[in-house]
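Each chain, written out:
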Amino acid sequence: MEMSEDGINSEEYPTEIHDYLTAFEKSLDSVDEMLKTMMSVSRSELLQKFEPLEQAKLDLVSLYTLNSVFWVYLAVQGINPKEHPVKKELERIRTYMNKVKEIADKKKAAKLDKGAASRFVRNALWEPNDENEHASKTPAKGKKRKMD
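Heads up: these notes are all about the structure in this document.

Topologically, T22 is positioned in helix α1 (residues 18-39). With a relative accessible area of 18%, T22 lands in the buried category. A polar contact of 2.9 Å, which involves the side chain of T22, links it to the backbone oxygen of H18.

This is the structure we're talking about:
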């Protein structure tokens with residue numbers, strides 16, 4: 001048996017997919033590390049650090065990830081996940097993710113500063129009063145115009 005440098009028996013699968021399997025294994029290791037980090041802190045401790053919107057995002061991402069892994073499990077077992085209730089669950093979670101995104105976008109949206117807007121409009125529609133009219137009709141001192 002021929003073993004590759006990463007410990008995978010290369011006779012058990014076609015060599016064309018070796019790079020894909022190596023990348024997949026690295027991805028699994030990365031997910032494993034993230035899960036270990038997440039599981040090292042209690043959920044209540046973790047949620048205390050977040051605002052309610054961030055808590056909802058965390059819960060939804062966790063649910064989506066768990067259901068996605070189950071989707072892959074079903075596919076590996078030869079069960080069509082598209083015909084399994086997990087598909088509806090993923091769609092339901094996506095719907096809620098979109099709702100949370102809309103709420104977050106509304107929070108980030110620019111808010112109208114009514115005071116600044118009214119000052120801007122007032123200055124843009126400036127009307128001269130009597131003092132300003134009188135001052136503008138008299139020529140400024142010190143400036144002489146040449147007459148031809």
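Right, let's talk about the packing of aromatic side chains for a bit. According to the stated counting rule, one finds one aromatic pair in the structure shown. When the ring of F70 is compared with that of Y73, the centres are 6.1 Å apart and the planes differ by 25°; the resulting orientation is stacked. Of this pair, F70 and Y73 both sit in helix α3 (residues 52-76), separated by three residues, roughly a single helical turn. A residue is classified by how much of its surface remains accessible, and Y73, at 46% relative accessible area, is partly exposed.

A surface patch of nonpolar side chains, amounting to about 390 Å² of accessible area, comprises V31, L35, M38 and M39. Locating M38 in the fold gives a position in helix α1.

Let's shift gears to the environment of S68. Locating S68 in the fold gives a position in helix α3. A C-alpha to C-alpha distance of 7.6 Å links S68 and L90, two positions 22 residues apart in sequence.

Below, the discussion takes up the nonpolar core. Grouped burial of nonpolar side chains is what soluble globular proteins tend to show. Grouped together as the largest cluster of nonpolar side chains are five residues: L53, L60, I93, V100 and A104. Broken down by secondary-structure element, the contributors of at least two residues to this core are α3 and α4 (86-108). If one sorts the elements of this core by residue count, α4 sits on top with three residues. Apart from residues no more than four positions distant in its own chain, L53 is found in contact with V100, I103, A104 and K107.

Before going further, it helps to spend a moment on α4. A rise of 1.5 Å per residue sets the reference length of α4, with its 23 residues, at 33 Å; its end C-alpha atoms lie 33 Å apart and thus fit the reference within 8%. All of the buried residues along α4 are V86, L90, I93, V100 and A104. For α4, the secondary structure elements touched by its buried residues are α3.

Turning next to the environment of E89. Tracing the backbone through its elements, the reader meets E89 in helix α4. A residue is classified by how much of its surface remains accessible, and E89, at 23% relative accessible area, is partly exposed. Linking E89 and S68, residues 21 residues apart in sequence, is a C-alpha distance of 9.9 Å.

Scanning the model with the defined rule gives seven salt bridges in all. In this structure, K57 engages E54 in a salt bridge whose closest nitrogen and oxygen atoms are separated by 3.7 Å. Highlighted residues: K57 and E54, both in helix α3, separated by three residues, approximately one helical turn. K57 sits in the partly exposed class, given a relative accessible area of 31%.

The rules behind the values
- Residues numbered from 1 in each chain as written.
- Predicted model: local features only at pLDDT ≥ 70, side-chain atom pairs only at ≥ 80, totals over all residues.
- Heavy atoms only, no water.
- Helix = DSSP H or I, 4+ residues; strand = E, 2+ residues; numbered from the N terminus.
- Buried < 20%, exposed > 50% of the residue type's maximum accessible area, 1.4 Å probe, protein only.
- Polar contact = N/O pair within 3.5 Å; in protein donor to acceptor, adjacent residues only side chain to side chain.
- Phe/Tyr/Trp six-rings, centres within 6.5 Å; stacked < 30°, edge-to-face > 60°.
- Patch = residues over 30% accessible without salt bridge, like charges linked within 9 Å, V, L, I, M, F, W, Y side chains within 5 Å.
- Areas by Shrake-Rupley, 256 points an atom, 1.4 Å probe, with all protein chains shown as cover.
- Salt bridge = Lys/Arg side-chain N within 4 Å of Asp/Glu carboxyl O.
- Core = buried A, V, L, I, M, F, W, Y, C linked by side-chain atoms within 4.5 Å.
- Contact = heavy atoms within 4.5 Å.
- Expected span 1.5 Å × (residues − 1).

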